[in-house]
Amino acid sequence: MKKIIFIILFFPLFSCNDWLEVESEVSVTYRNYFQNEQDIEQIFATMCGAEKKIYSNWDTEPMAWTSLYCDNIPASIEGYQTLNPSLYETTKISWSSYYNIIYFANMLEENRYRFENVTKERADFWIAQANFLKGLMYFEIARRWGEAPIAPGSEDAKELAKSPVDSVLAQAIRAAEAALILPTHDKLKDAKGNTVNSRQYASLGSVHTLLANIYAWMGGLYGDNKYWEKAEQEASFVLDGKAGSYDLVSLSDLVTKTFGSPRNTTEVIHAIEINSQDEDRFMQGKFTHNYPGMAFITYPYASTDYKLVTSPDGTEMTRIKVETIMELYSEPEDLRLKEFWYRLGQKIIVKEDDPSTPEDESIYDEPSEYGFINKWRETIFSVNPDVNEGGRKLLAMDGNIIYWRLADLILLRAECRAHLDMANAVQDLNRVRQRAGLGGYKGALDKKTLLREIFNERDRELFGEICRYFDVVRNGYFQEIFKGNFKTLTDEDIKDGALYLPVGGNAYRNNTLMKQNTYWSWHLVQ
């Protein structure tokens with residue numbers, strides 16, 4: 001993918017027409033733009049840059065902290081796990097990046113008549129790419145905030161009130177369905193006619209996967225089997241090979257080649273590109289949390305001081321105990337215990353810092369009480385001496401952000417089929433289990449038990465990735481699994497928006513129609 005452009009310098013009059021924070025009525029002039037296909041592709045690259053901004057963060061977002069499977073997190077963010085409104089800073093919670101992408105999608109559609117030197121087929125292709133991202137953003141907004149504004153035209157700066165979540169999800173479906181004209185991933189071409197390898201470009205497979213996730217979310221939200229049926233159909237279209245070729249790789253290859261620098265895409269449905277071409281690593285001074293589970297990255301990557309990492313005084317560290325991991329991965333033969341964790345429950349080899357010590361001489365310490373995640377293994381350290389002052393700084397783990405992969409979709413279909421009492425739900429569950437070196441599921445097959453086992457398998461397979469909060473909420477397990485005030489939420493609290501994020505402070509600027517959701521309007525500390 002060409003270099004992502006974060007600011008469009010060639011639009012001198014451009015200002016983000018954020019009708020949620022109505023600031024400007026300046027109309028953007030495109031008279032001399034869209035003269036070739038590369039101009040359109042530049043807009044798409046900008047949308048991809050905004051998508052990356054959402055998911056590639058220095059700080060883990062509140063919902064990720066809420067659902068992180070762990071035994072200890074820093075006290076400064078514990079309020080997210082316990083639903084303590086006094087620790088929610090609404091100025092740091094914003095939907096603007098999501099709406100920026102929607103803005104660009106609307107702008108492209110509205111200015112299609114200005115496209116020059118572009119065939120109808122290629123114009124349709126880029127509009128469909130934009131619609132996929134538009135649909136994805138409305139879906140993300142709906143499950144994060146619930147009620148939210150529906151974007152007007154790209155040059156309409158009027159104030160807007162929020163629409164019901166049903167309307168937001170309808171917009172997501174409408175945009176996704178408009179992208180169904182896209183080809184399978186192996187037939188994607190860029191503006192120069194080159195084959196596209198990036199899975200950040202949408203394909204027929206990623207569009208159907210988006211629709212499967214939207215309908216599954218609606219199944220959990222409304223408790224209506226018609227949505228589970230639609231979700232199962234959309235997932236099956238992909239899993240039956242009708243939307244492109246995808247396959248499970250070995251667990252070893254998943255960790256080293258899919259999550260790592262080779263960026264193998266065999267199992268990947270949608271991913272956000274993270275590469276040195278788009279990154280200014282020299283000036284970066286803080287670790288980037290591309291996944292919630294990266295909060296566990298300590299020994300041997302962020303720190304080689306084994307004693308410091310395992311110290312009883314490490315209360316400001318995010319940690320998970322070995323016994324907690326073993327409770328989750330309850331079958332000792334599970335290959336993920338080896339691939340996802342570093343020497344779990346084993347003695348750790350600690351090299352002497354004394355340079356006079358021979359290389360083969362080591363200290364063998366007792367097994368750690370805590371687990372060290374090993375799902376992401378390739379380190380990127382700073383080479384800037386100013387940043388490294390006081391010690392070399394870990395900046396990131398190499399690899400793309402995998403948003404959807406095949407194992408995720410297989411288990412989502414298993415969940416849909418369990419809701420629909422379809423016997424082949426277990427077949428999907430077993431496909432993921434077998435990749436992990438496990439035999440077939442032998443437990444009870446009643447709906448309640450099977451749904452919980454599928455959820456547990458998602459926990460094991462997708463540990464530390466980006467979907468757990470939504471898995472918990474979709475299944476209705478939040479009072480059981482989440483902590484603190486989540487356990488005492490009433491049905492009225494849920495209806496009033498307790499499981500959604502509060503509306504960020506910037507959304508109120510110059511928009512008198514914007515309202516906080518009912519739960520947070522009563523509970524936020526003003």
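Residues numbered from 1 in each chain as written. Predicted model: local features only at pLDDT ≥ 70, side-chain atom pairs only at ≥ 80, totals over all residues. Heavy atoms only, no water.

1. Here we look at the overall build of the protein chain
Link 1 in the chain: When helices and strands are counted, the protein chain shows 19 helices and six strands.
Link 2 in the chain: For 526 residues, the compact-globule formula gives about 24 Å, and the C-alpha radius of gyration of the protein chain, at 24 Å, lands near that figure.
Link 3 in the chain: Put simply, the protein chain has 526 residues, and 59% of those count as buried.
Link 4 in the chain: For the protein chain, the share of sequence-separated contacts (at least 6 apart) that also reach a separation of at least 24 residues comes to 72%.
Link 5 in the chain: For the protein chain, the distance from the average position of its 58 positive side-chain charges to the average position of its 77 negative side-chain charges is 3 Å. (Helix = DSSP H or I, 4+ residues; strand = E, 2+ residues; numbered from the N terminus. Rg over C-alpha atoms; globule rule 2.2 N^0.38 Å. Buried < 20%, exposed > 50% of the residue type's maximum accessible area, 1.4 Å probe, protein only. Contact = heavy atoms within 4.5 Å. Lys, Arg positive; Asp, Glu negative; His and termini not counted. Charge placed at Lys NZ, Arg CZ, Asp CG, Glu CD.)

2. Details of the state of the cysteines
Link 1 in the chain: Overall, the coordinates contain zero disulfides when judged by the stated rule.
Link 2 in the chain: C467 provides the cysteine sulfur closest to C70, a residue in no disulfide bond, and the two sulfurs are 16 Å apart.
Link 3 in the chain: Residue C416 stays outside any disulfide, its sulfur separated by 14 Å from that of C467, the closest cysteine. (Disulfide = S-S within 2.5 Å.)

3. Topic: the side chain of R319
Link 1 in the chain: Counting through the fold element by element, R319 comes out in the loop between α10 (306-310) and α11 (322-328).
Link 2 in the chain: Despite its burial, R319 remains without a salt bridge, the nearest opposite charge being carried by E369 at 6.6 Å.
Link 3 in the chain: At 3.3 Å, the side chain of R319 and the side chain of Y370 are in polar contact. (Salt bridge = Lys/Arg side-chain N within 4 Å of Asp/Glu carboxyl O. Polar contact = N/O pair within 3.5 Å; in protein donor to acceptor, adjacent residues only side chain to side chain.)

4. Comments concerning the nonpolar core
Link 1 in the chain: Among the nonpolar cores identified, the biggest contains 158 residues, and W95, L108, F132, I297 and W341 are the most heavily contacted of them.
Link 2 in the chain: For W341, the contacting residues outside a window of four places in its chain are I320, I325, Y329, R336, G371, F372, I373, N374 and F463.
Link 3 in the chain: Counting five residues, the second-largest nonpolar core is a separate cluster that includes Y299, Y306, V309 and F372. (Core = buried A, V, L, I, M, F, W, Y, C linked by side-chain atoms within 4.5 Å.)

5. Here's the deal with the environment of A50
Link 1 in the chain: On the secondary structure map, A50 appears in helix α1 (residues 37-55).
Link 2 in the chain: Remark: the alpha-carbon pair of A50 and I101, spanning 51 residues in sequence, is separated by 6.5 Å.
Link 3 in the chain: Contacts of A50, omitting those with residues within four sequence positions, involve S97 and I101.

6. Describing unusual backbone geometry
Link 1 in the chain: In the segment running from Y299 into P300, the intervening peptide bond is cis, with an omega of 0 degrees.
Link 2 in the chain: Mapped onto the elements, P300 comes out in the loop between β1 (268-272) and α10.
Link 3 in the chain: Positive phi outside glycine occurs at R263, with the angle close to 55 degrees.
Link 4 in the chain: Here R263 lies in the loop between α9 (251-258) and β1.

7. A closer look at the environment of M294
Link 1 in the chain: In this fold, M294 is placed in the loop between β1 and α10.
Link 2 in the chain: It is 35 Å that separates the C-alpha atoms of M294 and E492, two residues lying 198 residues apart in sequence.
Link 3 in the chain: Residues within four places of M294 in sequence aside, it is in contact with F287, T288, H289, W376 and M397.

8. Quick look at a nonpolar patch on the surface
Link 1 in the chain: A cluster of nonpolar side chains, contributed by F282, M283 and V383, occupies part of the molecular surface with about 350 Å² of accessible area.
Link 2 in the chain: The residue M283 is located in the loop between β1 and α10 in this model. (Patch = residues over 30% accessible without salt bridge, like charges linked within 9 Å, V, L, I, M, F, W, Y side chains within 5 Å. Areas by Shrake-Rupley, 256 points an atom, 1.4 Å probe, with all protein chains shown as cover.)

9. Thoughts on the packing of aromatic side chains
Link 1 in the chain: Following the criterion strictly, the structure yields 29 aromatic pairs and no others.
Link 2 in the chain: Between Y55 and Y403 the ring centres are 5.3 Å apart and the planes differ by 70 degrees, which places this aromatic pair in the edge-to-face class. Highlighted residues: Y55 in helix α1 and Y403 in strand β6 (residues 401-405), separated in sequence by 348 residues.
Link 3 in the chain: Residue class for Y403 comes out buried when judged on its relative accessible area of 5%.
Link 4 in the chain: Aromatic side chains F125 and W126 sit 4.9 Å apart centroid to centroid with 85 degrees between the ring planes, which places their arrangement in the edge-to-face category.
Link 5 in the chain: In this structure W126 comes out as buried when scored by relative accessible area, which is 1%.
Link 6 in the chain: Members of the aromatic cluster, each reached through a chain of ring pairs, are W217, Y469, F470, F482 and F486.
Link 7 in the chain: When the ring centre of F470 is taken as reference, the NZ or CZ atom of R143 above it lies at 3.9 Å.
Link 8 in the chain: Residue placement shows R452 over the ring face of Y477; its charged tip is 4.7 Å from the ring centre. (Phe/Tyr/Trp six-rings, centres within 6.5 Å; stacked < 30°, edge-to-face > 60°. Lys NZ or Arg CZ within 6 Å of the ring centre and 35° of its normal.)

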